[in-house]
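The primary structure of each chain is shown beneath.
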Amino acid sequence: MTETEAGLTFDRFFDSMESLADTISESLQSQVTIEDSNHHVIGYSSHQFESDPARISTIIGKRVPSTVIIGLRKKGVMHQLENTAHPIRIPAVMEVGLGPRLAMCIKHQQEILGYIWVVDRGNLAEGYAEGVVEKAAGIAGRYLLKQRGWKNRQDKAFEDFFWKLLTSHYDNEPRIRQEAESWSILLPESYYIGVIESDRVIGESFLLRLRQTMDAYAGQRLLFVTAEHNRLILLFSFVFPVEETAVLSSFVHKLLADMSRSEGCRLAAGCSPGYREYTSAATAYREALAVLEIKKLLPYHARYLLLYDEIGFWAYIPSMIEQKRSRSRRSALLEPIKAHDREHKSDFLKTIAVYLTLDGNLKEAAAFLHIHTNTLMYRLNRIAEITGRSLKETDYRTSVYLDLLTEETAQVNGWFPFIG
């Protein structure tokens, strides 16, 4: 086939990316895959030639496996592909099961829309094959831009619907279901709401990476996600019901670790319990935010807190702090110890805070304070003499700990610096 004939082959309307992939395949007598910017397969040729593991798994999963993308990024292949305006020849990367390819990144201005991959069995004529792929990329680009326009409208509708759920816009479940159906939104039987906060503003690249990361997790579905400044709110579900909080906790931990590593930022998160009624979405949102609020107030003490299901007494800390701030009277339990510290330049208040925070472990508390265990024992005995109470008494121990956390919050955070 001549270049003129190739031009005529592509000078027509394509109703799908499948038909475009087949036309490229016929022109080059090789297998072709077309992907969107998230590496989801939107078209692949139906011709049955020998194939390599990467293409087989891509077509079966309708998405390029994350191991393949990671492998290509490590090799610098994706960087080269995404920063070149023309098709390039890629040698085999057998570590990820990928044979030689002729590939091109489909772009509109500087925005990546997708990719075309052609299996190179040594039969792709130099220059001609590149011309075919470049011609096809132009067609695929127009198709993807049109799809993006529709998707942007759909995304806006999804985001509006999500915010209505989060702000108690709907007063009953049937109305929610009706609106979801009008947008072809398939609501899962149960769901969770998570809130992720970053130490920097969240942009489109972060959102894209989040979707790609969650797409790679088996058994999980991301339904809604929205960003505001440095906060990300998501509604997700599991394909199979999750009975134990350990599974949910493990998932959130993994997501935070993967996103922190890929984006090079510090992240914190809070997650609601599972719900079935979507009228409860606003409650779930508040619960996820409550976890984050506590992590901000006492970052060291709440460093392992992720799930509202495990919040315990921490749920009452913010309101206790607020209540105590509105009163002029300070804790009568702490005053004798503070008075002793002022008069004798001692460190008894910090000693109690460290001892209670470390669960009464003498060895760990002494090491934290850089003193001998015997010195710590002496201090605890002196504190008992000064107050007339023992930290072994549950009610006294609990009351002192809560007063420390809620009245001496800034001091406590200074004693327990935490870098997430």
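What counts and how
Residues numbered from 1 in each chain as written. Predicted model: local features only at pLDDT ≥ 70, side-chain atom pairs only at ≥ 80, totals over all residues. Heavy atoms only, no water. Helix = DSSP H or I, 4+ residues; strand = E, 2+ residues; numbered from the N terminus. Contact = heavy atoms within 4.5 Å. Areas by Shrake-Rupley, 256 points an atom, 1.4 Å probe, with all protein chains shown as cover. Lys, Arg positive; Asp, Glu negative; His and termini not counted. Charge placed at Lys NZ, Arg CZ, Asp CG, Glu CD. Pairing = 2+ DSSP bridges. Axes fitted to C-alpha atoms, helices over the stretch in contact; angles between N-to-C directions. Polar contact = N/O pair within 3.5 Å; in protein donor to acceptor, adjacent residues only side chain to side chain. Buried < 20%, exposed > 50% of the residue type's maximum accessible area, 1.4 Å probe, protein only. Salt bridge = Lys/Arg side-chain N within 4 Å of Asp/Glu carboxyl O. Core = buried A, V, L, I, M, F, W, Y, C linked by side-chain atoms within 4.5 Å. Disulfide = S-S within 2.5 Å. Parallel < 35°, antiparallel > 145°, perpendicular 65-115°, else oblique. Nonpolar A, V, L, I, M, F, W, Y, C, P; charged D, E, K, R; others polar. pLDDT = per-residue confidence, 0-100.

**Student:** How would you summarise the overall build of the protein chain if you had to cite specific residues and measurements?
**Tutor:** Assigned secondary structure in the protein chain consists of 17 helices and nine strands. Dimensions of the protein chain, computed from C-alpha atoms along their principal axes, come out at roughly 100 × 50 × 35 Å. In the protein chain, the share of contacts with a sequence separation of at least 24, taken over all contacts with a separation of at least 6, comes to 62%. A total accessible area of about 21800 Å² is found for the protein chain, and carbon and sulfur atoms account for 52% of it. Charge-centre separation for the protein chain: the mean point of 49 positive side chains lies 5 Å from the mean point of 53 negative side chains.

**Student:** Give a description of the sheet that holds strand S1 (residues 32-36) that names residues and reports values.
**Tutor:** Within a sheet, neighbouring strands are paired by backbone hydrogen bonds and run either parallel or antiparallel to one another. What the five strands build is an open sheet, ordered S2-S1-S5-S4-S3; its pairing is antiparallel. On the outer flanks of this sheet lie strand S2 (41-44) and strand S3 (88-90), each paired with one strand and no other. Across the sheet, the mean angle from the axis of one strand to that of its neighbour is 25 degrees, orientation sign disregarded. As paired elements, S3 and strand S4 (residues 101-108) share three bridges and run antiparallel to each other. Counterpart to Ile 90 in the pairing with S4 is Arg 101.

**Student:** Describe the sheet that holds strand S6 (residues 192-198), and please don't skip the residues or the numbers.
**Tutor:** Spatial ordering of the open sheet is given by S7-S8-S6-S9, a layout of four strands whose pairing is antiparallel. Both edges of this open sheet fall to strand S7 (220-228) and strand S9 (267-271), since each of them pairs with a single strand only. The average undirected angle you get between the axes of adjacent strands in this sheet is 20 degrees. Here five bridges tie S6 to S9, and the two strands are oriented antiparallel to one another. Along S9, the bridge assignment pairs Gly 194 with Cys 271. Helix H8 (residues 204-215) contacts S6, S7, strand S8 (231-238) and S9 of the sheet and is inclined by roughly 170 degrees relative to S7. Where helix H9 (residues 245-263) meets the sheet, its contacts fall on S6, S7, S8 and S9, and the angle it forms with S9 comes to roughly 155 degrees.

**Student:** So what's going on with the side chain of Thr 357? Which residues, and what values?
**Tutor:** Here Thr 357 shows up in helix H13 (residues 348-357). In this structure the side chain of Thr 357 is engaged in a polar contact, spanning 2.7 Å, whose partner is the backbone oxygen of Ala 353. With sequence-adjacent residues up to four places away left out, Thr 357 is seen in contact with Tyr 300, His 301, Tyr 401 and Phe 416.

**Student:** Break down the side chain of Asp 36 for me, with residues and values.
**Tutor:** By the secondary structure assignment, Asp 36 is in strand S1. Arg 63 provides the closest opposite charge to the buried, unpaired Asp 36, separated from it by 7.0 Å. Within polar-contact distance, the side chain of Asp 36 engages the backbone nitrogen of His 40 at 2.9 Å. The contacts of Asp 36, once residues within four sequence positions are left out, are Ile 42, Leu 113, Gly 114, Tyr 115 and Leu 144.

**Student:** I'd love a proper account of the nonpolar core, names of residues and values included.
**Tutor:** With 37 residues, the main nonpolar core has Trp 314 and Ile 352 as its most contacted residues. Counting residues per element, the ones that place at least two in this core are helix H10 (281-297), helix H11 (317-325), H13, helix H14 (362-369), helix H15 (373-387), helix H16 (394-407) and helix H17 (409-415). At seven residues, H13 tops the list of elements feeding residues into this core. The contact partners of Ile 352, leaving out residues within four places of it in the chain, are Ile 337, Ile 383, Leu 391, Val 400 and Leu 404.

**Student:** Account for the state of the cysteines, naming residues and giving values.
**Tutor:** Under the definition given, this model contains zero disulfides. No disulfide involves Cys 265; its sulfur sits 18 Å from that of Cys 271, the nearest cysteine. Overall, Cys 265 belongs to the buried group, its relative accessible area being 8%.

**Student:** Break down the packing of H14 against H15 for me, citing the residues and quoting the values.
**Tutor:** Closest axis-to-axis distance for the H14/H15 pair is 9 Å, and the angle between their directions is 100 degrees. The angle between the axes of H14 and H15 places the two elements in the roughly perpendicular class. Residues Leu 362, Ala 365, Ala 366 and Leu 369 of H14 lie in contact with H15, whose contacting residues are Thr 373, Leu 376, Met 377, Arg 379 and Leu 380. Within the contact of H14 with H15, the residues separate by chemical class into seven nonpolar, one polar and one charged.

**Student:** Could you give me a rundown of the confidence of the model for the protein chain, with the residues and numbers involved?
**Tutor:** Considering every residue of the protein chain, the mean pLDDT works out to 89; 95% of them sit at 70 or more. Mean pLDDT in the protein chain bottoms out at helix H1 (residues 3-10), which sits at 53, and peaks at H13, which reaches 97. Ignoring residues within four places in sequence, the model shows residues 1-8, a span with pLDDT below 50, making nine contacts including any to other chains.

**Student:** Report on unusual backbone geometry, specifying residues and quantitative values.
**Tutor:** Of note, His 39 is a non-glycine position whose phi angle comes to about 70 degrees, a positive value. Checked against the element boundaries, His 39 lands in the loop between S1 and S2. A positive phi is found at His 229, a non-glycine position, where the angle reads about 55 degrees.

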